[in-house]
Amino acid sequence: MDMTQYIPVLLTKYNYWVYITLMMIGLWAMIAKNNLIKKIIGMSIFQTAIILFYVSIGAKYGATIPILSHGHGGAHEAAVRAVDYINPLPHVLMLTAIVVSVATLGVALALSIRIHRRYRTLEEDEILSQLREQ
Amino acid sequence: MSEHFPALLVIGPLLAALVISIAGWLRPRLCLPLAFIGVGVAALAATGLLVQVLASGPMGYRLGGWDPPWGIYYFVDQLNAVVAAVVAWVALVNLVASHQAIKADYDGKQGPFYTLYVLAVTGLLGMVATGDAFNLYVLLEIASLTGYALIGMGSSRAPMSSLNYLFLGTIGASFYLLGVGYLYIVTGSLNMADLATLLPPLYGSLAVMAAFAIILVGLWMKMAFFPLHAWLPNAYSQAPGPAASLLAPLMTKVMVYVMIRMMLSVFTVDFIAMQALLQQFIVWLAVAAIVAGALFALTQRDLKRMLAFIVVSEVGYMVGGAWLGNRLGMTGAVLHLVNDAVMTFCVFLAAGCIFHKVRGTAFEDLQGLFKKMPWTMAALAAGALAIIGVPPTCGFFSKWYLIRGAIDAGQWVFVVGLLFSSLVNVVLFFRLFEIAFFEPMAEGHGHGGHGHAPAVALAEAPLSMLLPLIAAALGLVALGLATGPLVKYVITPILPAGLV
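Residues numbered from 1 in each chain as written. Chains lettered and ligands numbered in written order. Predicted model: local features only at pLDDT ≥ 70, side-chain atom pairs only at ≥ 80, totals over all residues.

Some details on the overall build of chain A
Here is step 1 of the chain: Scanning chain A from N- to C-terminus turns up five helices and zero strands.
Here is step 2 of the chain: Its helices and strands taken in sequence order, chain A reads α-α-α-α-α from the N to the C terminus.
Here is step 3 of the chain: By residue count, 22% of the 134 residues in chain A fall in the buried class.
Here is step 4 of the chain: Nonlocal contacts in chain A, meaning residues at least 24 apart in sequence, comprise 54% of its contacts between residues at least 6 apart. (Helix = DSSP H or I, 4+ residues; strand = E, 2+ residues; numbered from the N terminus. Buried ≥ 20, exposed ≤ 12 C-beta atoms within 10 Å, placed from the backbone. Contact = placed C-beta atoms within 7 Å.)

Digging into the overall build of chain B
Here is step 1 of the chain: Scanning chain B for helices and strands turns up 20 helices and two strands.
Here is step 2 of the chain: Across its three principal directions, the C-alpha atoms of chain B cover 75 × 55 × 40 Å.
Here is step 3 of the chain: Taking contacts inside chain B between residues at least 6 apart in sequence as the whole, the part at least 24 apart equals 80%.

Some words on unusual backbone geometry
Glycine aside, the phi torsion of most residues is negative, and most peptide linkages are trans.
Here is step 1 of the chain: Here the bond from F226(B) into P227(B) is cis, since omega is 0°, no more than 30 degrees from zero.
Here is step 2 of the chain: A cis geometry characterises the amide bond from P391(B) onward to P392(B), with omega recorded as 5°.
Here is step 3 of the chain: Note that P392(B) resides in the loop between α16 (374–388) and α17 (394–409).
Here is step 4 of the chain: We note that R120(A) has phi near 55°; this positive angle belongs to a residue other than glycine.
Here is step 5 of the chain: Structurally, the position occupied by R120(A) is in the loop between α4 (88–119) and α5 (124–133).

Describing the pairing of strand β2 (residues 73–76) of chain B
All names here are of chain B.
Here is step 1 of the chain: Of the two faces of β2, both are covered, the one formed by Y73 and F75 as well as the one formed by Y74 and V76.
Here is step 2 of the chain: Bridge analysis of strand β1 (residues 59–62) against β2 gives four bridges, and the strand direction is antiparallel. Each bridged residue has a counterpart across the sheet, and for G60 the counterpart in β2 is F75. (Pairing = 2+ DSSP bridges.)

Some details on the nonpolar core
Here is step 1 of the chain: Core analysis: the largest hydrophobic core is formed by 231 residues, its most contacted members being A35(B), A84(B), V87(B), A88(B), L125(B), V342(B) and C346(B).
Here is step 2 of the chain: Ranked by residue count, the leading element in this core is helix α14 (residues 327–358) of chain B, at 21 residues. (Core = buried A, V, L, I, M, F, W, Y, C linked by C-beta atoms within 7 Å.)

Regarding the confidence of the model for chain B
All names here are of chain B.
Here is step 1 of the chain: The predicted model of chain B has a mean per-residue pLDDT of 88, with 97% of residues at 70 or higher.
Here is step 2 of the chain: Throughout residues 444–455 the model reports pLDDT below 50, and contacts reaching past four residues in sequence, or to other chains, amount to eleven contacts.
Here is step 3 of the chain: Quick note on the complex model: pTM equals 0.91, ipTM equals 0.90. (pLDDT = per-residue confidence, 0-100.)

Let's talk about the packing of α14(B) against helix α20 (residues 483–494) of chain B
Residue and element names in this part refer to chain B.
Here is step 1 of the chain: Running from N to C, α14 and α20 cross one another at 115°; their axes reach a closest spacing of 11 Å. Relative to α20, the element α14 lies roughly perpendicular. Of the two elements, α14 crosses α20, and the hand of that crossing is right-handed. Counted together, T331, V334 and L335 of α14 and T483, L486, V487 and I491 of α20 form the full contact between these two elements.
Here is step 2 of the chain: Residue composition of the contact of α14 with α20, grouped by class: five nonpolar, two polar and no charged. (Axes fitted to C-alpha atoms, helices over the stretch in contact; angles between N-to-C directions. Parallel < 35°, antiparallel > 145°, perpendicular 65-115°, else oblique. Left-handed = near helix turned anticlockwise from the far one by under 90°. Nonpolar A, V, L, I, M, F, W, Y, C, P; charged D, E, K, R; others polar.)

Looking at the confidence of the model for chain A
Here is step 1 of the chain: When the pLDDT values of chain A are averaged, the result is 85; 90% of them are 70 or greater.
Here is step 2 of the chain: Averaged over each element, pLDDT in chain A is lowest for helix α1 (residues 6–12) of chain A (77) and highest for helix α3 (residues 36–58) of chain A (93).

Description of α17(B)
For an α-helix, 3.6 residues make a turn, and residues three or four places apart therefore share a direction.
Residue and element names in this part refer to chain B.
Here is step 1 of the chain: Across its 16 residues, α17 extends 23 Å between first and last C-alpha, which sits within 8% of the 22 Å expected from 1.5 Å per residue.
Here is step 2 of the chain: Turning to α17, its buried residues are C394, G395, F397, S398, K399, Y401, L402, I403, G405 and A406.
Here is step 3 of the chain: The secondary structure elements touched by the buried residues of α17 are α13 (303–322), α14, α16, α18 (412–438), α19 (463–481) and α20. (Expected span 1.5 Å × (residues − 1).)

Focus on the environment of V55(A)
Residue and element names in this part refer to chain A.
Here is step 1 of the chain: Mapped onto the elements of the fold, V55 is located in helix α3.
Here is step 2 of the chain: Given 17 C-beta atoms within 10 Å, V55 falls into the partly exposed group.
Here is step 3 of the chain: Separated by 43 residues in sequence, V55 and T12 place their C-alpha atoms 16 Å apart.
Here is step 4 of the chain: Apart from the residues lying within four places of it in its own chain, the contact partners of V55 are P90, H91 and M94.

So, the interface of chain A and chain B
Here is step 1 of the chain: If you look at the interface, chain A gives 25 residues, while chain B gives 22 residues.
Here is step 2 of the chain: Mapped onto the side of chain A that touches chain B, the elements with two or more residues apiece are α3, α4 and α5 of chain A.
Here is step 3 of the chain: In terms of residue count, α4(A) provides more of the side of chain A that touches chain B than any other element does, 13 residues in total.
Here is step 4 of the chain: Among the residues making up the side of chain A that touches chain B, the classes are represented as 18 nonpolar, four polar and three charged.

Side note on the environment of G71(B)
Here is step 1 of the chain: Relative to the assigned elements, G71(B) resides in the loop between β1 and β2.
Here is step 2 of the chain: Setting aside residues no more than four positions away along its own chain, G71(B) makes contact with R62(B), L63(B), G64(B) and W66(B).

Considerations on the packing of helix α6 (residues 158–187) of chain B against helix α8 (residues 206–223) of chain B
Residue and element names in this part refer to chain B.
Here is step 1 of the chain: Where α6 contacts α8, the two axes come as close as 7 Å, and the packing angle between them is 160°. Taken together, the axes of α6 and α8 are roughly antiparallel relative to one another. Between α6 and α8 the crossing geometry is left-handed.
Here is step 2 of the chain: Among the residues forming the contact of α6 with α8, the class breakdown is 20 nonpolar, four polar and one charged.

What to know about the environment of G26(A)
Residue and element names in this part refer to chain A.
Here is step 1 of the chain: Within the secondary structure, G26 sits in helix α2 (residues 14–32).
Here is step 2 of the chain: Residues G26 and L68, spaced 42 residues apart in sequence, show a C-alpha to C-alpha distance of 39 Å.
Here is step 3 of the chain: Excluding its chain neighbours within four sequence positions, the residues that come into contact with G26 are G42, M43, I45, F46 and A49.

Right, dumping it as structure tokens:
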């Protein structure tokens, strides 16, 4: 197998590699980190990676935002060339996903406040050892 | 009016949640009636929908009047109609049953509690009704986020369990979102019916395969399919009783429904049939789930934890049945979805009643309970018989279909798994009843120093908890007797002709 054939795949689809790398960083933080806040940060990175993935699939070189110039009245005369515009739908979907991820972050932080109040620590091993002692 | 039922299903509880959160500040006493109205509207709409769909076939609803592939489209056929009815009625009955427990344990926090409760119902019903893959993600997160918060309100260990659930649940939901993204890349559509017509020419594509696999793993995480079940036992056993008896029966079951919807209505049985290797692998995984859930349940010394592991085992039944790849298996999976929602509800509600009176559900707390709480224990016994699969309770009939499906498909290992877990369930529950029936009341356990009444004194749960519990127990028999019509009018019409 010739390794060079993978180079174009890497270069032209780099947005996918970026999102996968970010996702794995987030996943690693969620699995391996001991501090609950670091885990929560990992979770945020994980979710953001997917947001970036969606945003990147709507983007296009040389295209512009989907607003018709001279939109009032005259625009429907001329044919709309879809090639000139980026796809707004994935971006709109991600507005919702951002709201969801902020809400998740909020719930996670609220829970970690409750955990801290009870165990006076946010290190998972210390919490687990306290739980075992009970 | 009736054409708006699919929207009312979601709008009713959603608006109620908004009003309850305000009432929580101004008039806390109004929270319960408002929650009752919100969930009641949903239950009536769900019942109306079921009647209508059974009479005149599937119906759709265009939210905001936008046409399907572009706007969000709600689509209700026999499958979602019956699941929505079960979800709404279980939530309503649970609300009636739990208000005393909520008042006892969460006085002063009733506003937030009811808001979260009604929002969770909104999310669950929305997931069932929607015909849009992205809308499903949003509603999934509504149900999950409220679920995390409800669980986090539980015992002192609950916040930690809830946070673990949140981590795994978020990974699961994100995977689902990612899979939907891949489907969007290849088809440019998010509408389920539209996806089903656009996907067939692309079945060979690696992106479609990846999308399917990623969605499946995401959903498995959410439904606690072994080995992705790690979050469930702690979360459901430490959740407050009223939240446990809402989430444990409904959340996992709705996720199984979503998986079946994906398998039948987004991808088709033709696509599933192409994945013979995957099919075999999933059936093996389901057997592992059934056996592992049963074995873990055997090692528990607490009623709620034992029940939580039984839920893990039951998820294996449904996933396995759905992936047997024949009509009988799919029939059994859908039937078990409905039955399991009611039987899990029955046993968790019974556990809630016990906790309400005894303040504990460890096996030592159960000693002598048959004398103390005969009705609660009778209902628990009915739930146990349904879970074991004794006729005429509903559990028998769905297991019957599952086993026949497994024999038809030649999946003997699944047959063995089902029989093994039934046997383990017998051991589990009879061990429990032996403790509750024969062992005398523990003296002064967990009650501090106050004077103890004689062990024979009747101390039954309040009537408002007992009546719903008995209704749920009777529902188990009623569902069992209704198996014939349920299969004929609800399940057979939704099974595609391609499924043999």
